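What follows is each chain in one-letter form.
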Amino acid sequence: MTKKKIVFIIRDLGYGGAQRQLVTLVKDFDKEKFDVMVLHFYSGGHLEKDLKERNIPVISLEKQGRWDLLGFCWRLTRQLKQIKPDLLHTYMGESNIIAILLKPFFPGIPIIWGMRVSQSPANSVDWLGNILNKLESLLSHTVDLIIVNSHAGKEDCLSYGFPAEKMVVVSNGIDTEHFKPERELGVKVRGEWGISETQILIGLVGRIYPQKDYPNFLQAAALLCKEYQDLRFVCVGTGPDNNYVQELYHLAEGLGISKRVIWAGARGDMRAVHNALDIAISASAFGEGFGNTIGEAMACGVPCVVTDVGDSAWIVGDSGVVVPPHDSKALAVGMKRLIELNYHERIALQEKARRKIVECFSVDNLVGTTMLHCLQILSN
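What comes next concerns the included structure. As the structure is a computational prediction, the values presented were derived from the model and not from experiment.

Calculation rules
- Residues numbered from 1 in each chain as written.
- Predicted model: local features only at pLDDT ≥ 70, side-chain atom pairs only at ≥ 80, totals over all residues.
- Heavy atoms only, no water.
- Helix = DSSP H or I, 4+ residues; strand = E, 2+ residues; numbered from the N terminus.
- Rg over C-alpha atoms; globule rule 2.2 N^0.38 Å.
- Buried < 20%, exposed > 50% of the residue type's maximum accessible area, 1.4 Å probe, protein only.
- Areas by Shrake-Rupley, 256 points an atom, 1.4 Å probe, with all protein chains shown as cover.
- Patch = residues over 30% accessible without salt bridge, like charges linked within 9 Å, V, L, I, M, F, W, Y side chains within 5 Å.
- Salt bridge = Lys/Arg side-chain N within 4 Å of Asp/Glu carboxyl O.
- Lys, Arg positive; Asp, Glu negative; His and termini not counted.
- Charge placed at Lys NZ, Arg CZ, Asp CG, Glu CD.
- Contact = heavy atoms within 4.5 Å.
- 1 Å grid on protein atoms, 1.4 Å probe; cavity = no way out; pocket = protein on both sides within 12 Å on 5 of 7 lines; lining within 4 Å.
- Points joined across faces, edges and corners; volume = space filled by probe spheres on them.
- Nonpolar A, V, L, I, M, F, W, Y, C, P; charged D, E, K, R; others polar.
- Pairing = 2+ DSSP bridges.
- Axes fitted to C-alpha atoms, helices over the stretch in contact; angles between N-to-C directions.

**Some points on the overall build of the chain**
Across its full length, the chain carries 15 helices and 13 strands. For the chain, the C-alpha radius of gyration of 21 Å lies close to 21 Å, the compact-globule estimate for 380 residues. Sorting the 380 residues of the chain into buried and exposed places 55% on the buried side. Here the chain has roughly 17,000 Å² of accessible surface; of this, 53% comes from carbon and sulfur atoms.

Shown next as structure tokens:
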């Protein structure tokens, strides 16, 4: 069998959830059946190194900002003509749209879109984002297949007019050989943050962006700080808007909890970070498809409290606590339920959380199902 060339296209290779899922996916693609290459708009992403270490070709298109369109499209077209791919698999928004707009220059090359979000209100993006969303909906009928990473995301796409017959759900895959209970790694991180073994550490991992609803997390933390003296909270991530980040710092100060909140910034050692936590939180208000950090924390045996956004409730099931979004009191009550567990209840929940990920959301399922869809599209 002649190997097929698949080119994945994504905006960047930063630490985002979609980016990490793409890296997880392509690293395990069958090298006997496929030649895989990744093109990304902007250079400098931390995950580029991970791909190069696996000898996966990575090319930056050196996009110089939002309005660098003609030069960028020319560079992309030139690269694709040199590569001569058998299939394009794009990841999200701009990548999806650009691939379809270039389709007349590459007739006969099938295109698979990747959709990664759900429940995003119109006011969560700027005017250009809303235009792109509408354009994506219109162009969705011309794509060969749309892979959505969540059931909630599929329902949203359907409500926007995406073609049901071209959509499939392939949930994210969590590397359970990498993300696993290793408390000794967590102890080192806790020591770095000044957290003792007797203190309970509750963490939210995610970019600092309105979608993640850090204010909800901080307000819930403030409620709990009135009841417990041994709690500490950590926020792991960075954000593109420094003014918004500063607002969160001021909010923590105004709530009187700034000395009990750690702002850890972006971290590359996520396995160690998850193992440092006693409880993991997803406080998202909108936009979640499949929350990677939820799955990673659960794989490390960390019970989660999540808001009912995207597929979060489905992922957690009965191995954690699900609360409504935008409700800091409910979030605090959910955290309290886990804080008050006795030793045996906690161990049982930790084991159940990891078992759920191992059994339902493996990398093998992600890779195998995606490769099967690619082969089916190529055979049409």
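**Some points on a negative patch on the surface**
Judged by side-chain charge, Asp28, Asp175, Glu177 and Asp364 come together as a negatively charged surface patch. Positionally, Asp28 belongs in the loop between helix H1 (17–27) and strand E2 (34–40). Overall, Asp28 belongs to the partly exposed group, its relative accessible area being 40%.

**Here we look at the pattern of salt bridges**
Note on pairing: side chains with opposite charge can pair once their charged atoms come close. Overall, the coordinates contain 16 salt bridges when judged by the stated rule. A salt bridge links Arg11 to Glu94, with the shortest nitrogen-to-oxygen separation between them at 3.3 Å. Residue Arg11 is located in the loop between strand E1 (4–10) and H1, and its partner Glu94 is located in helix H4 (residues 93–101); the two are separated by 83 residues in the primary sequence. A relative accessible area of 34% means that Arg11 is categorised as partly exposed.

**Some remarks on the side chain of Ser137**
Position of Ser137 relative to the elements: it lies in helix H5 (residues 127–139). Beyond its immediate sequence surroundings of up to four residues, Ser137 is in contact with Tyr160, Gly161 and Phe162.

**Some points on the layout of surface pockets**
Computed from the structure, the second largest pocket encloses a volume of approximately 640 Å³. As for the second largest pocket, its lining consists of 25 residues, and the residues nearest its centre are Thr24, Lys27, Asp50, His178 and Phe179. The set of elements that each furnish at least two residues to the lining of the second largest pocket consists of H1, helix H2 (48–53) and helix H10 (270–276). For the lining of the second largest pocket, the leading source of residues is H1, giving five residues. The residue inventory of the lining of the second largest pocket, partitioned by class, reads seven nonpolar, six polar and twelve charged.

**Considerations on the environment of Gly206**
Note that Gly206 resides in the loop between strand E8 (200–205) and helix H8 (214–225). Take Gly206: its relative accessible area is 11%, and that puts it in the buried class. It is 20 Å that separates the C-alpha atoms of Gly206 and Leu25, two residues lying 181 residues apart in sequence.

**Structural notes on the sheet that holds strand E4 (residues 87–91)**
One open sheet holds the seven strands; their spatial order is E3-E2-E1-E4-E5-E6-E7, and the pairing between them is parallel. Only two strands of the sheet have a single neighbouring strand rather than two, namely strand E3 (58–60) and strand E7 (167–169). Put simply, the sheet's adjacent strands are angled 20° from each other on average, direction ignored. Bridge count for E1 against E2 is seven bridges, and the pairing is parallel.

**Structural notes on the sheet that holds E8**
Read across the open sheet, the six strands follow the order E10-E9-E8-E11-E12-E13; overall the sheet is parallel. Of all strands in the sheet, those with a lone pairing partner are strand E10 (261–265) and strand E13 (321–323), marking the two edges. Ignoring which end each strand starts from, the neighbouring axes of this sheet average 20° apart. Bridge count for strand E9 (residues 231–236) against E10 is four bridges, and the pairing is parallel. Each residue of the ladder has a partner; that of Val236, found in E10, is Gly265. Across the sheet, helix H11 (residues 292–299) touches E8, strand E11 (279–282) and strand E12 (304–307), and the angle it forms with E12 is around 165°.

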